[in-house]
Amino acid sequence: FEVPSWKALSMMTTNAVIGTSLSDYLWATGVLLTSPLVATVSLNLTIPVSFITDAVVLHQHAFSWTAPVGALAVFVGVLASAAAEAKSFQDISNS
């Protein structure tokens, strides 16, 4: 076992803080601004965002036609759940 260097340790610590604390804070803020359902379902947007980042921005992967179709299905699912939640919230507030 080799002890990591200070540079590697600081990079791992920064990654841990951004990857866990910041993401949890943003998710909790999303729960407060919308609802637990919309905030949790919206986490699925990491799939299309990763696809777009890998294929379009970084040019690291060449995907078949099924990848954009799957990413679009996830995106439409998130939009549908958010719309359904907004409609139910509007129905409740109008009652």
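Residues numbered from 1 in each chain as written. Predicted model: local features only at pLDDT ≥ 70, side-chain atom pairs only at ≥ 80, totals over all residues. Heavy atoms only, no water.

1. Looking at the overall build of the protein
How we decide: What counts as a helix is a DSSP run of H or I of at least four residues, what counts as a strand is a run of E of at least two, and both are numbered from the N terminus. With C-alpha atoms as the basis for the radius of gyration, the globule rule is written as 2.2 Å multiplied by the number of residues raised to the power 0.38. Burial classes follow relative accessibility: with a 1.4 Å probe on protein chains only, a residue under 20% of its type's maximum area counts as buried, one over 50% as exposed, and anything between as partly exposed. Contacts between residues were defined by any pair of non-hydrogen atoms, one from each residue, lying within 4.5 Å. Computed with a 1.4 Å probe, the accessible areas rest on the Shrake-Rupley method; for each residue, only the protein chains presented here act as cover.
Each helix and strand counted, the protein has 4 helices and 0 strands in total. A compact globule built from 95 residues should have a C-alpha radius of gyration of about 12 Å, whereas the protein, at 19 Å, is more than 25% larger. The C-alpha extent of the protein, read off along each of the three principal axes, is 65 × 35 × 20 Å. Buried positions account for 9% of the 95 residues belonging to the protein. Here the analysis covers contacts within the protein between residues at least 6 apart in sequence; of these, 47% occur between residues at least 24 apart. For the protein, the accessible area works out to roughly 7500 Å², and carbon and sulfur atoms hold 72% of it.

2. Points about the packing of aromatic side chains
Describing an aromatic ring pair means giving the distance of the ring centres and the angle of the ring planes. We apply this condition: Pairs were defined over the aromatic rings of Phe, Tyr and Trp, the Trp ring being its six-membered one, requiring ring centres within 6.5 Å. Orientation was assigned from the angle between planes: stacked under 30 degrees, edge-to-face over 60, tilted for the rest.
One pass over the full model with this rule turns up 1 aromatic pair. With a centroid separation of 5.0 Å and 55° between ring planes, the pair formed by Phe51 and Phe63 is classed as tilted. Taken together, the residues Phe51 in helix H3 (residues 46-57) and Phe63 in the loop between H3 and helix H4 (66-94) connect sequence positions 12 residues apart. For Phe51, a relative accessible area of 18% gives the class buried.

3. Observations regarding the environment of Ala28
Relative to the helices and strands, Ala28 is located in helix H1 (residues 6-33). The exposure class of Ala28 is partly exposed, given its relative accessible area of 33%. When the C-alpha atoms of Ala28 and Met12 are compared, they prove to be 23 Å apart, with 16 residues separating the residues in sequence.

4. Here we look at unusual backbone geometry
Most peptide bonds adopt trans geometry, and most residues besides glycine take a negative phi value. Even without being glycine, His59 reaches a positive phi, approximately 55°. Relative to the helices and strands, His59 is located in the loop between H3 and H4. On the basis of relative accessible area, His59 is assigned to the exposed category, the value being 63%.

5. Comments concerning a nonpolar patch on the surface
This is how the line gets drawn: Patch membership requires over 30% relative accessible area and the absence of a salt bridge. Like charges are linked within 9 Å, and nonpolar side chains (Val, Leu, Ile, Met, Phe, Trp, Tyr) within 5 Å. Salt bridges are counted wherever a side-chain nitrogen of Lys or Arg sits within 4 Å of a carboxyl oxygen of Asp or Glu.
The grouping of Val17, Ile18, Leu22, Tyr25 and Leu26 at the surface amounts to a nonpolar patch, some 510 Å² of accessible area in total. Among the secondary structure elements, Leu22 is positioned in helix H1.

6. Here's the deal with the confidence of the model for the protein
How we decide: For every residue, the pLDDT score states the predictor's confidence, bounded by 0 at the bottom and 100 at the top.
This prediction gives the protein a mean pLDDT of 86; 100% of its residues lie at or above 70. At the level of individual helices and strands, the protein shows its lowest average pLDDT in H3, which scores 83, and its highest in H1, which scores 90.

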